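# Results of the structural survey
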Amino acid sequence: MSLFSLDQAAALDAQDPLHSFRQNFVHPTIEGKKQIYFLGNSLGLQPIKTASAINEVLSQWGNYGVEGFFMGERPWMQMHDLMTPMLSKIVGANPHEVTVMNQLTVNLHLMMASFYRPQGKRVKILCEAKAFPSDQYMFETYCEHLGLNPETTIVEVMPRTGSDLISTEDILNTISSLGDELALVLFSGINYYTGQVFDMKAITKAAQEVGALVGFDLAHAAGNIELHLHNWNVDFACWCSYKYLNSGPGAVGGVFIHERHHHHNTPRLAGWWGYDESTRFKMEKGFVPDSGAKGWQLSTPAMLLYACHLASLELFEEAGIEQLHLKRKALNNYLWEVLATIDNNTKGLVRYLTPTDPNQRGCQVSILMLKNGRNMYDALMERGLIVDWREPDVIRLAPVPLYNSFEDIAKFGNAFYEIAQSF
Ligand SMILES: Cc1ncc(COP(=O)(O)O)c(C=O)c1O
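Residues numbered from 1 in each chain as written. Predicted model: local features only at pLDDT ≥ 70, side-chain atom pairs only at ≥ 80, totals over all residues. Heavy atoms only, no water.

## Some points on the layout of surface pockets
Quantified by volume, the largest pocket comes out at close to 430 Å³. Lining the largest pocket are 18 residues, with Val197, Pro358, Asn359, Gln360 and Arg361 positioned closest to its centre. Residue assignment for the lining of the largest pocket shows that the elements contributing at least two residues are helix H8 (200-209) and helix H10 (321-345). Residue contributions to the lining of the largest pocket peak at four residues, all from H10. In terms of residue class, the lining of the largest pocket is made up of six nonpolar, six polar and six charged. The two domains that each donate at least three residues to the lining of the largest pocket are domain 1 (6-48 + 320-421) and domain 2 (53-319). (1 Å grid on protein atoms, 1.4 Å probe; cavity = no way out; pocket = protein on both sides within 12 Å on 5 of 7 lines; lining within 4 Å. Points joined across faces, edges and corners; volume = space filled by probe spheres on them. Helix = DSSP H or I, 4+ residues; strand = E, 2+ residues; numbered from the N terminus. Nonpolar A, V, L, I, M, F, W, Y, C, P; charged D, E, K, R; others polar. Domains from an automatic or database assignment.)

## Points about a nonpolar patch on the surface
Together, Leu58, Trp61 and Leu304 make up an exposed nonpolar region whose accessible area comes to about 310 Å². Within the secondary structure, Leu58 is located in helix H2 (residues 50-64). On the basis of relative accessibility, which here comes to 36%, the residue Leu58 falls in the partly exposed class. (Patch = residues over 30% accessible without salt bridge, like charges linked within 9 Å, V, L, I, M, F, W, Y side chains within 5 Å. Areas by Shrake-Rupley, 256 points an atom, 1.4 Å probe, with all protein chains shown as cover. Salt bridge = Lys/Arg side-chain N within 4 Å of Asp/Glu carboxyl O. Buried < 20%, exposed > 50% of the residue type's maximum accessible area, 1.4 Å probe, protein only.)

## Some details on the packing of helix H4 (residues 104-115) against helix H5 (residues 133-145)
One can describe the packing of H4 onto H5 by two numbers: an axis separation of 10 Å at closest approach and a directional angle of 35°. For the pair H4 and H5, the crossing hand works out as right-handed. The residues of H5 that touch H4, namely those facing Thr105, Leu108, His109, Met112 and Ala113, are Ser134, Asp135, Met138, Phe139, Thr141 and Tyr142. (Axes fitted to C-alpha atoms, helices over the stretch in contact; angles between N-to-C directions. Left-handed = near helix turned anticlockwise from the far one by under 90°. Contact = heavy atoms within 4.5 Å.)

## With respect to the domain arrangement of the protein chain
For the protein chain, the assigned domains are domain 1 (6-48 + 320-421) and domain 2 (53-319). Taking only C-alpha atoms, the centre of domain 1 and the centre of domain 2 are 28 Å apart. With 39 residues of domain 1 at the interface, the matching set in domain 2 holds 26 residues. Taken together, both faces of the contact between domain 1 and domain 2 bury some 2600 Å²; the carbon and sulfur share is 56%. Here Glu226 and Arg328 are joined by a salt bridge, their closest N and O atoms 3.5 Å apart. Our count for the contact surface shared by domain 1 and domain 2 stands at 18 residue pairs in polar contact (both at pLDDT 80 or more). Mapped onto the side of domain 1 that touches domain 2, the elements with two or more residues apiece are H10, strand E13 (350-352) and strand E17 (394-397). Sort the elements by how many residues they give to the side of domain 1 that touches domain 2 and H10 lands first, with six residues. Looking at the side of domain 1 that touches domain 2 residue by residue, the class counts come to 18 nonpolar, 14 polar and seven charged. (Buried area = accessible area lost by both parts, 1.4 Å probe. Polar contact = N/O pair within 3.5 Å; in protein donor to acceptor, adjacent residues only side chain to side chain.)

## Observations regarding H4
For H4, built from 12 residues, the straight-helix expectation of 16 Å at 1.5 Å per residue is met to within 8% by its first-to-last C-alpha distance of 16 Å. Most of H4 sits out of view: nine of its 12 residues are buried. Listed as buried for H4 are Leu104, Asn107, Leu108, Leu110, Met111, Met112, Ala113, Ser114 and Phe115. In this structure, the buried side of H4 is in contact with strand E7 (124-128), H5, strand E9 (182-188), strand E10 (213-217), strand E11 (236-239) and strand E12 (254-257). (Expected span 1.5 Å × (residues − 1).)

## Describing the sheet that holds E12
The mixed open sheet is built from seven strands, whose spatial order is E6-E12-E11-E10-E9-E7-E8. In the strand order of this sheet, the two ends are held by strand E6 (98-100) and strand E8 (154-157), each with one partner. Each neighbouring strand pair of the sheet contributes to a mean axis angle of 20°, computed without reference to strand direction. Strand direction decides the pairing type here: E7 and E9, joined by three bridges, are parallel. Across the sheet, Leu126 pairs through a bridge with Val185, a residue of E9. Those strands touched by helix H3 (residues 76-91) are E6 and E11, and its axis lies near 125° from that of E6. (Pairing = 2+ DSSP bridges.)

## Some words on the side chain of Ser241
Within the fold, Ser241 resides in the loop between E11 and E12. Under the relative-accessibility criterion, Ser241 is labelled buried at 0%. Among the polar contacts listed, one links the side chain of Ser241 to the backbone oxygen of Val252, at a separation of 2.5 Å. In contact with Ser241, other than residues within four places in its own chain, are Asn246, Ser247, Gly248, Ala251, Val252 and His309.

Here it is in structure tokens:
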């Protein structure tokens, strides 16, 4: 008999106002078998309307050539401003504090150019230990680019011995002990490996109290957890849109810059697309930034990527961000109930890296397999449950409110338990 009743899970789905939203997505089918997809933390599923949104750009290009910037259903010049009101709700910002451009690592470098301004003894950068590798390489090479020694400039907050997580207390104490040596705090909003949500509000307040600036890499947070970047007074943030924001592989990134930095004197690396829009085409010498976060754009926007992003943001808008958070929490609580039941029945098989405190986690759960990890992963994939494997022994999964169901989770629980029985 199955450990988890599919009828009970289906009853939970029947009460879910967002249940039918999963029909707006293309669910992967491998060798004729429809998969259950749990990897919104890696690459979100494709909205069905993405294909027509891309085709719209292609038709506009075909019909009008370069005039597509000004003509057609949605002239390309307007696409950016169509997205920012929707995106700003997702990250808790004013629309003019958000811009859509480039990709995440590029944007992190650009934000370093604006907001990492070492001076005198104020040179240190504080980040989390084991940040995503691209962030680590960015810090290292950015320091070298300025002629600074990464070893002495970058300070990492580590988990305490015996813990997988970084305590807020340790982050705040390190900030205060660095004091006027601290130039910048740049953390992720959610650690990619453990799924730990950092207390962005408290980190921002503590860092600003010692005179440092604060930014966040929200790759795993945007479109996942509640964010209030403006009200938390965060200086800047960047994210990708291919994970929880479902905008496709290599999708266009996003940036938040608090409005207090929007003046012309904030240093930046500039390009023509960040030039004041009203006079951009006069092509004059001397950079004049556009108002708001748009003044950080560099290049002609990639309209095909914009189209994918817009198609996805429209679904967030339709579902409503509050409803999505309610469902995320309900799905996540159900998953943890399922995992607790499995744990009771399979002692000593797993340990959870993700915090048990619901306020410190989003969609993702990282399961450290104490034995038979790779066998478990292979067997889950074999059964059409798409999760991911992180060396040396971690399975990550992230049920997301736009397209996962309670039934998906019950099926995962039954499969996990049955496979564990076979070891
Ligand atoms: C936390 C984090 N930062 C940075 C990156 C790199 O993003 P990109 O490849 O879009 O530059 C990723 C990619 O998954 C990530 O998870």
